[in-house]
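Take a look at the letters that make up each chain.
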Amino acid sequence: MSSTLDRLVMMANQIGRFFTPQRGGDAVAGIADHLEKFWDPRMKENIVAHWRAGGAGLDGPVREAIGRLKEAKRGAPLEAGR
Amino acid sequence: MSLVHETDYGTPVSKSSEMVTLTIDGQPVTVPAGTSIMRAAMDIGTKVPKLCATDSVDAFGSCRLCLVEIQGRPGTPASCTTPVGAGMVVSTQTERLKQIRKGVMELYISDHPLDCLTCAANGDCELQDMAGAVGLRDVRYGYDGENHTKQEKDESNPYFTFDPSKCIVCSRCVRACEEVQGTFALTIQGRGFDSKVSAGMAEPFVDSECVSCGACVQACPTATLSEKSLIEIGQPEHSVVTTCAYCGVGCSFKAEMRGEELVRMVPYKDGKANRGHSCVKGRFAWGYANHRERILAPMIRETIDQPWREVTWEVAINRVASEFKRLQAKHGRLAIGGITSSRCTNEETYLVQKLVRGGFGNNNVDTCARVCHSPTGYGLRTAFGTSAGTQDFDSVEHTDVVLIIGANPTDAHPVFASRMKKRLRQGAKLIVIDPRRIDMVRMPHIEAQYHLPLRPGTNAAMLNAIAHVIVTEGLVNEKFVRDYCDLDAFEYWASFVAEPQNSPETVGLMTGVSAESIRGAARLYASGRNSAIYYGLGVTEHSQGTTAVMALANLAMATGNLGREGVGVNPLRGQNNVQGSCDMGSFPHELSGYRHISDDATRTMFEKLWGRPLDAEPGLRIPNMFDAAIDGTFKGIYVQGEDILQSDPNTKHVQAALAAMECVVVQDLFLNETANYAHIFLPGSTFLEKDGTFTNAERRINRVRKVMTPKNGMADWEITLAIAKAMGFEMPYSHPSEVMDEIARLTPTFAGVSFDLLDKVGSVQWPCNEKAPLGTPVMHIGGFARGKGNFMITEYVPTDEKVGPRFPLLLTTGRILSQYNVGAQTRRTDNVVWHEEDVLEIHPHDAEERGVRDGDWVKLDSRAGGTTLRARITDRVAPGVVYTTFHHPNTQANVVTTDFSDWATNCPEYKVTAVQVSPSNGPSEWQREYNEQAEHSRRIAKVAAE
Ligand code: SF4
Ligand code: SF4
Ligand code: SF4
Ligand code: FES
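Everything numeric here is computed off the predicted structure, so don't read it as measured data.

### Description of the overall build of chain B
Each helix and strand in chain B was counted, giving 29 helices and 36 strands. A compact globule built from 946 residues would reach a C-alpha radius of gyration of about 30 Å, and chain B, at 29 Å, matches this within 12%. In terms of principal-axis extent, the alpha carbons of chain B reach across some 90 × 75 × 65 Å. Within the span of chain B, comprising 946 residues, buried residues form 66% of the whole. When contacts within chain B are restricted to residue pairs at least 6 apart in sequence, long-range pairs at least 24 apart make up 73% of them. In chain B, which carries 96 positive and 113 negative side-chain charges, the distance between the mean positions of the two groups comes to 2 Å.

### Digging into helix α16 (residues 504–511) of chain B
All names here are of chain B. Within α16, burial applies to P504, V507, G508 and T511. Each buried residue of α16 sits inside an arc of 115 degrees when the element is viewed along its axis, so together they form one side. Where the residues of α16 are buried, they touch α13 (459–472) and α17 (515–527). Following α16 by one or two positions, G512 has its phi on the positive side, about 80 degrees.

### A word on the site of ligand 2
Taken together, 14 residues lie near ligand 2, and C167(B), C170(B), S171(B), C173(B) and C220(B) sit nearest. Split by residue class, the shell around ligand 2 holds ten nonpolar, three polar and one charged.

### Here's the deal with the UniProt feature "domain: 4Fe-4S His(Cys)3-ligated-type" (unreviewed entry) in chain B
Per the UniProt record, "domain: 4Fe-4S His(Cys)3-ligated-type" (unreviewed entry) is found at residues 96–135 of chain B. What you have in residues 96–135 of chain B is 57% helix and 0% strand, and the ends, taken at the C-alpha atoms, are 14 Å apart.

### Focus on the nonpolar core
Generally speaking, nonpolar side chains in soluble globular proteins are found buried as a group. Judged by nonpolar contacts, the single largest core of 72 residues is most densely connected at W39(A) and I47(A). When sequence neighbours within four positions are dropped, the list of residues in contact with W39(A) reads L8(A), M11(A), A12(A), I15(A), H34(A), K44(A), I47(A), E617(B), P618(B) and R621(B).

### Re the packing of aromatic side chains
Under the definition given, this model contains 24 aromatic pairs over all chains. Aromatic pair F384(B) and F784(B): ring centres 5.2 Å apart, planes at 10 degrees, arrangement stacked. On the criterion of sequence distance, the pair formed by F384(B) in helix α10 (residues 374–384) and F784(B) in the loop between β30 (763–765) and β31 (809–814) is long-range, its members being 400 residues apart. When sorted by exposure, F384(B) lands in the same class as F784(B), which is buried. Among the aromatic residues, those joined into a cluster by ring pairs are F18(A), F19(A), F38(A), Y378(B) and W903(B). Seen from the ring of W308(B), R301(B) lies directly overhead, with NZ or CZ sitting 3.9 Å from the centre.

### A look at unusual backbone geometry
Residue and element names in this part refer to chain B. Omega for the bond connecting W766 with P767 falls within 30 degrees of zero, at 0 degrees, which places this linkage in the cis form. Assignment of secondary structure puts P767 in the loop between β30 and β31. Not every positive phi belongs to a glycine, and S171 is a case in point at roughly 65 degrees. Within the secondary structure layout, S171 lies in the loop between β5 (160–162) and α4 (172–181). Even without a glycine there, the phi angle at H445 is positive, about 65 degrees. Positionally, H445 belongs in the loop between β18 (442–443) and β19 (446–447).

### With respect to the site of ligand 1
The full set of residues close to ligand 1 is F160(B), C177(B), L186(B), F205(B), C210(B), V211(B), S212(B), C213(B), G214(B), A215(B) and C216(B). Within the shell around ligand 1, the residues separate by chemical class into nine nonpolar, two polar and no charged.

### What to know about the pattern of salt bridges
Residues and elements named next belong to chain B. This structure, assessed with the given rule, holds 63 salt bridges over all chains. With a closest N to O distance of 3.0 Å, R519 and E505 form a salt bridge. Note that R519 is positioned in helix α17 and E505 in helix α16, a separation of 14 residues in sequence. We classify R519 as buried; its relative accessible area is 17%.

### Focus: the confidence of the model for chain B
When the pLDDT values of chain B are averaged, the result is 90; 96% of them are 70 or greater. Scored as a whole, the predicted complex attains pTM 0.91, and scored at its interfaces, ipTM 0.88.

### Quick word on the sheet that holds β30(B)
Residues and elements named next belong to chain B. Here three strands make up an open sheet; going across it, the order is β28-β29-β30 and the pairing antiparallel. Edge positions in the sheet fall to β28 (692–695) and β30, since each has one partner strand and no second. Within this sheet the neighbouring strands show an average axis-to-axis angle of 30 degrees, counted without direction. Where strand β29 (residues 700–704) and β30 come together, three bridges link them in antiparallel fashion.

### Looking at the interface of chain A and chain B
At the interface, 27 residues of chain A touch 41 residues of chain B. Joining chain A to chain B, the criterion identifies four salt bridges. In this assembly, chain A and chain B are joined by 13 residue pairs in polar contact (both at pLDDT 80 or more). Within the residue set of the side of chain A that touches chain B, elements represented by two or more residues are α1 (4–19), α2 (27–38), α3 (41–52) and α5 (70–73) of chain A. In terms of residues, the side of chain A that touches chain B owes the most to one element, α1(A), which gives nine residues.

About the criteria used
Residues numbered from 1 in each chain as written. Chains lettered and ligands numbered in written order. Predicted model: local features only at pLDDT ≥ 70, side-chain atom pairs only at ≥ 80, totals over all residues. Heavy atoms only, no water. Helix = DSSP H or I, 4+ residues; strand = E, 2+ residues; numbered from the N terminus. Rg over C-alpha atoms; globule rule 2.2 N^0.38 Å. Buried < 20%, exposed > 50% of the residue type's maximum accessible area, 1.4 Å probe, protein only. Contact = heavy atoms within 4.5 Å. Lys, Arg positive; Asp, Glu negative; His and termini not counted. Charge placed at Lys NZ, Arg CZ, Asp CG, Glu CD. Arc of directions from axis to C-beta. Near = heavy atom within 4 Å. Nonpolar A, V, L, I, M, F, W, Y, C, P; charged D, E, K, R; others polar. UniProt positions renumbered as here; feature names shortened; annotations may be inferred. Core = buried A, V, L, I, M, F, W, Y, C linked by side-chain atoms within 4.5 Å. Phe/Tyr/Trp six-rings, centres within 6.5 Å; stacked < 30°, edge-to-face > 60°. Lys NZ or Arg CZ within 6 Å of the ring centre and 35° of its normal. Salt bridge = Lys/Arg side-chain N within 4 Å of Asp/Glu carboxyl O. pLDDT = per-residue confidence, 0-100. Pairing = 2+ DSSP bridges. Axes fitted to C-alpha atoms, helices over the stretch in contact; angles between N-to-C directions. Polar contact = N/O pair within 3.5 Å; in protein donor to acceptor, adjacent residues only side chain to side chain.

Shown next as structure tokens:
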């Protein structure tokens with residue numbers, strides 16, 4: 001069974017594949033907005049931590065989008081929920 | 001309280017706009033042209049005696065009881081088959097008519113058993129009434145002639161009997177089965193004196209094609225076709241109008257009662273979703289409410305291997321509160337959450353999400369719509385600006401081309417299917433896109449022009465190919481696109497779909513459907529004057545579910561099939577209140593009326609009214625909750641009326657997640673599968689035991705009315721209030737109507753809704769507000785809710801779930817007519833006579849390759865897990881595709897399904913799983929272990945503790 005992180009990577013790439021061919025050419029903004037609006041903080045923190053650690057398996061635009069999340073801009077991850 | 005009586009006008013209403021005036025018994029009356037004299041008479045309150053006519057079916061004119069005299073016309077025409085004429089002068093009662101009617105009744109009664117006093121229909125029999133109405137006092141022929149009074153009853157149907165000795169051969173049942181239900185199960189066999197009603201090929205009802213909808217029982221004027229519950233209990237003394245709690249059609253019923261005992265459920269003619277029709281579930285399958293397995297007392301335990309202990313409500317509720325508070329103190333505010341139920345009322349759903357957001361202080365709330373129609377919400381909102389279907393059900397009466405994709409209406413939405421079938425019999429054309437040859441493809445008097453049996457998982461490719469034909473063959477409705485859609489988006493989309501990879505020739509190879517059929521279907525859809533799309537979970541439950549919904553929206557916009565009657569994009573919603581649970585803010589990212597939780601203005605409004613700060617970050621969706629539970633950050637859950645263990649994909653993963661939590665609270669009627677992992681069980685109430693509203697697939701808000709005291713002591717909404725209170729978050733409501741008032745205050749699309757309004761007008765479709773005080777049957781008239789219609793690019797991305805040498809077949813899942821979802825209710829009714837177990841449909845070719853014979857046990861394995869069930873060999877499925885249902889926990893079809901999901905919403909990909917099928921000799925090891933655990937977990941300690 002795949003771990004949560006594997007699944008998050010897969011989900012993020014799936015989102016990326018939808019936004020990449022959209023009109024306007026700003027797939028990154030679309031992906032970042034989707035993650036911002038639909039992922040719970042611990043999911044975002046999880047994927048950001050993975051991104052910091054090199055982001056293995058993440059497609060290009062997805063990687064860039066994760067970098068735009070506020071969790072990524074905030075620096076060190078917060079402890080979930082406290 | 002008294003019985004709700006509905007007037008029988010004798011013949012159906014005429015839809016003509018031309019009006020005609022005539023005189024009946026000296027009174028002038030004006031009615032639409034085409035109305036029968038009988039109906040016109042009833043309009044002024046004159047009941048012409050009748051037996052073979054009833055307003056649910058076309059007149060037939062066989063009993064000769066409804067004769068009238070018309071000035072200037074010879075003879076005595078039947079008023080049911082004679083249409084009104086301008087200036088007609090009609091008499092309904094003359095000496096001649098009286099004599100003829102008496103004669104007719106004498107003949108009927110001489111061949112009828114005279115056991116009125118002990119007959120189940122006593123007091124509700126039209127034959128009895130007519131004998132009275134015509135003043136019959138004796139029968140000159142005696143009762144000794146040749147008659148039918150000794151004929152055997154057919155008791156084979158679990159819910160109604162057929163007693164031919166009481167039959168007057170009026171053929172109302174036959175016509176109801178044909179015209180209302182569209183099944184054609186009944187015929188009149190023989191002629192003259194020998195003629196009699198017969199099911200199928202003179203078979204018992206239960207073996208015939210009869211689907212037990214009850215339309216014939218409803219139409220029968222005598223006791224010939226009677227509900228068994230009526231025979232057993234007796235005639236009801238009062239009735240209350242309420243809404244079926246099974247599927248998203250949302251049929252209105254009269255619950256006919258004796259005291260607090262339910263005698264029968266009778267479909268309500270004024271119900272705007274069902275117009276007097278019903279299916280076997282709503283009409284008959286309500287026995288679960290009194291099933292011996294229903295749990296009526298709250299129960300707790302420390303660990304899931306302990307037996308349950310019954311406790312008082314107070315102890316149970318306090319335990320919920322103290323556990324949840326403990327978990328939040330230890331693991332953080334985000335460590336708990338809740339799941340609202342699409343089976344509960346709008347008010348109850350609203351309260352659960354309010355409890356989570358206001359009381360738990362987070363947004364970890366989700367609902368079973370996650371696993372069915374969440375892509376509909378996202379997709380339609382992106383395209384049109386509203387997360388719901390565009391039409392009312394009546395709309396299908398104006399449709400010329402019906403496109404059904406990924407839906408099986410005759411099984412899953414039977415009452416709406418009957419209306420659709422009626423329209424198809426009138427000549428509308430039909431396209432079916434489905435891997436299986438569903439019943440709609442070919443049935444009596446209906447044949448689809450195109451059936452595209454595509455490979456599971458290729459919907460988006462197929463819809464792009466249809467769009468390709470529309471764009472490249474000049475079939476776009478340019479005016480509509482120019483007037484109502486975002487032109488730039490359209491042009492970008494049009495050039496995308498026109499690319500060669502989207503041509504039917506290329507897509508044909510991927511989908512396994514010939515390019516010619518795809519082109520033909522596309523042309524038919526685009527050329528219909530009014531074309532309407534109806535879709536179901538076969539569209540949404542895919543990794544590209546949301547993409548496919550957008551692709552459907554694109555098709556409708558490109559061809560201008562929106563914004564009027566007869567057209568639209570119509571999701572056929574699964575559960576009774578799945579639309580409502582979404583509307584009520586059950587999703588972790590949005591408040592009621594689909595407003596994002598991060599929107600400050602909306603959030604502030606709720607904060608002010610609720611007196612609590614709300615979190616602006618979205619919460620966890622159901623699958624994310626499971627992952628977080630396994631990771632140890634999600635520890636407690638309140639599940640109202642939803643069996644996540646049985647209904648969610650990848651059962652083993654769900655098991656592990658539930659087992660990892662410290663406090664699982666289940667509120668349900670029965671110890672469902674999820675309860676095997678619960679620490680606190682709160683017994684729920686049925687739809688008969690509470691007040692509230694359900695919202696059906698056409699956005700129609702219908703009243704649910706309490707007809708009996710909750711057997712468990714509390715309605716579901718009261719339980720949520722008690723938990724909130726114990727957690728220190730008071731929600732002071734004394735009745736669900738007050739909850740609806742709050743919803744209306746906070747939700748612009750519900751602003752005009754109140755129980756008072758619903759009691760007055762029956763039902764309304766949201767948006768219901770100042771602009772539309774009586775609701776909105778058809779949406780997007782003269783423009784889209786979001787402004788301009790939005791074309792999204794719907795590139796086909798094949799699912800990661802792929803067939804290979806180990807798993808060479810594709811499994812797709814669905815449901816059948818007599819059972820409902822996880823079957824918690826229907827399995828506890830006589831509906832099991834039609835479906836005792838889940839079976840695996842497999843094509844003869846695939847079966848033969850594996851040495852599988854019809855009825856054999858087979859093992860069904862996927863990458864996620866395996867189960868066993870019996871095989872049914874059929875060419876309804878294409879080679880390479882197998883199909884099963886998920887109604888029975890013994891099978892646990894979801895142990896096989898994977899946790900791939902829709903990219904936008906995480907809606908699981910139930911419809912595509914790569915599997916292998918092999919012969920087997922009985923249940924698998926896992927099934928045996930599962931059943932052992934379930935049995936062990938369901939033990940209830942004998943002595944009540946605490
Ligand atoms: S119950 Fe329905 S399907 Fe069966 S015979 Fe009667 S009308 Fe036809
Ligand atoms: S069964 Fe009832 S409805 Fe059917 S023909 Fe006989 S009396 Fe009429
Ligand atoms: S069609 Fe649906 S709502 Fe209507 S009676 Fe059947 S299950 Fe109930
Ligand atoms: S009711 Fe008109 S002929 Fe029977």
